[in-house]
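A structural walkthrough
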Amino acid sequence: MVTMEKRNELLLTYLNNKIIATIEEIKTVLGTQSRMTVLRRLRKLDYISSYSHRGKYYSLKRIAKYNKYGLWIYKSIFFSKHGTLKNTLRILINQSLRGYAASELNVILRIKVDDALLQLTKSKYINRKRISGVYVYLSNLTNCAKKQELTRKDSFQYQACNP
């Protein structure tokens, strides 16, 4: 009989070698059909799940090599140190100096984020304002949003003066 400790070692070795895996692959490694068992084991190993591919892929936090936005891309699968897509969007927007247009976030995150932005706006986790003909997503903190808006407007004015 394989002990829990041995199965954790097997999973750790598997993820260190394969880098990413699906729940089904991990079930096979652990010899279980239970999704909850897999998630319990992953939690003990400090895991991350993809924000692309509907969160289908899993890896270990210590394997990830994040860029300046806290994103890690491995074989066209996207991970964030902030967790879910919505949480990542919230944090990126709140930490931004000038907010973001959806098109800018699409480029940064490399996936379409419009639906998630709409949900976050409706839930009041972020604000949206039309600036120079473009919807810009801003912090839900009033003082921060005002600074972001002013910075965005200043950058549009600067661009208009310096083609």
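The notes below deal with the structure included here. As the structure is a computational prediction, the values presented were derived from the model and not from experiment. (Residues numbered from 1 in each chain as written. Predicted model: local features only at pLDDT ≥ 70, side-chain atom pairs only at ≥ 80, totals over all residues. Heavy atoms only, no water.)

Our focus in this paragraph is the overall build of the chain. Assigned secondary structure in the chain consists of 7 helices and 8 strands. Here the C-alpha radius of gyration of the chain, 20 Å, is well above what a compact globule of 163 residues would show, namely 15 Å. Judged by the C-alpha coordinates and their principal axes, the chain covers about 70 × 30 × 25 Å. Of the contacts formed within the chain by residues at least 6 apart in sequence, a portion of 49% connects residues at least 24 apart. Averaged over its 31 positive side-chain charges, the chain has a centre that lies 2 Å from the centre of its 10 negative ones. (Helix = DSSP H or I, 4+ residues; strand = E, 2+ residues; numbered from the N terminus. Rg over C-alpha atoms; globule rule 2.2 N^0.38 Å. Contact = heavy atoms within 4.5 Å. Lys, Arg positive; Asp, Glu negative; His and termini not counted. Charge placed at Lys NZ, Arg CZ, Asp CG, Glu CD.)

Scanning the entire structure with this criterion turns up 7 salt bridges. Ionic pairing is found between K27 and E24, a salt bridge with its closest N-O pair at 3.3 Å. Of this pair, K27 and E24 both sit in helix 2 (residues 23-30), 3 residues apart, roughly one helical turn. Residue K27 is classed as buried on the basis of its relative accessible area of 11%. The salt bridge involving E104 is made with R98; its shortest N-O contact spans 3.5 Å. (Salt bridge = Lys/Arg side-chain N within 4 Å of Asp/Glu carboxyl O. Buried < 20%, exposed > 50% of the residue type's maximum accessible area, 1.4 Å probe, protein only.)

Turning our eyes to something else, we now look at the packing of helix 4 (residues 85-95) against helix 6 (residues 114-122). One way to put it is that helix 4 packs onto helix 6 with a least axis distance of 10 Å and a crossing angle of 70°. When the axes of helix 4 and helix 6 are compared, the pair comes out roughly perpendicular. Counted together, L85, K86, L89, R90 and I93 of helix 4 and A116, L117, Q119 and L120 of helix 6 form the full contact between these two elements. Looking at the contact of helix 4 with helix 6, its residues break down into 6 nonpolar, 1 polar and 2 charged. (Axes fitted to C-alpha atoms, helices over the stretch in contact; angles between N-to-C directions. Parallel < 35°, antiparallel > 145°, perpendicular 65-115°, else oblique. Nonpolar A, V, L, I, M, F, W, Y, C, P; charged D, E, K, R; others polar.)

With that settled, the discussion passes to the sheet that holds strand 1 (residues 21-22). Ordered by their spatial adjacency, 3 strands build an open sheet running 1-3-2, and the pairing between neighbours is antiparallel. With one partner strand each, in any of the chains shown, strand 1 and strand 2 (47-49) form the two edges of the open sheet. Two elements, strand 2 and strand 3 (residues 57-60), share 3 bridges in a ladder whose sense is antiparallel. From the neighbouring strand, S49 faces strand 3, where its bridge partner is Y58. (Pairing = 2+ DSSP bridges.)

With respect to the element layout, T28 can be found in helix 2. Put simply, T28 and L11 are 17 residues apart on the chain and 9.9 Å apart in space, counted from C-alpha to C-alpha.

Counted under the stated rule, the structure contains 4 aromatic pairs. Between the aromatic rings of Y47 and Y58, the centroid separation amounts to 5.8 Å while the plane-to-plane angle is 45°, which identifies the pairing as tilted. With a gap of 11 residues between them, Y47 in strand 2 and Y58 in strand 3 connect regions that are remote in the sequence. Residue Y47 is classed as partly exposed on the basis of its relative accessible area, which comes to 25%. Relative to F78, the ring of Y51 lies with its centre 5.9 Å away and its plane at 25°, an arrangement referred to as stacked. Note that Y51 is positioned in the loop between strand 2 and strand 3 and F78 in strand 5 (residues 77-80), a separation of 27 residues in sequence. Judged by its relative accessible area of 7%, Y51 falls in the buried class. Pairwise contacts between aromatic rings join W72, Y74 and F79 into one cluster. One Lys or Arg, R128, reaches over the ring of Y135 and ends 3.7 Å from the middle of that ring. (Phe/Tyr/Trp six-rings, centres within 6.5 Å; stacked < 30°, edge-to-face > 60°. Lys NZ or Arg CZ within 6 Å of the ring centre and 35° of its normal.)

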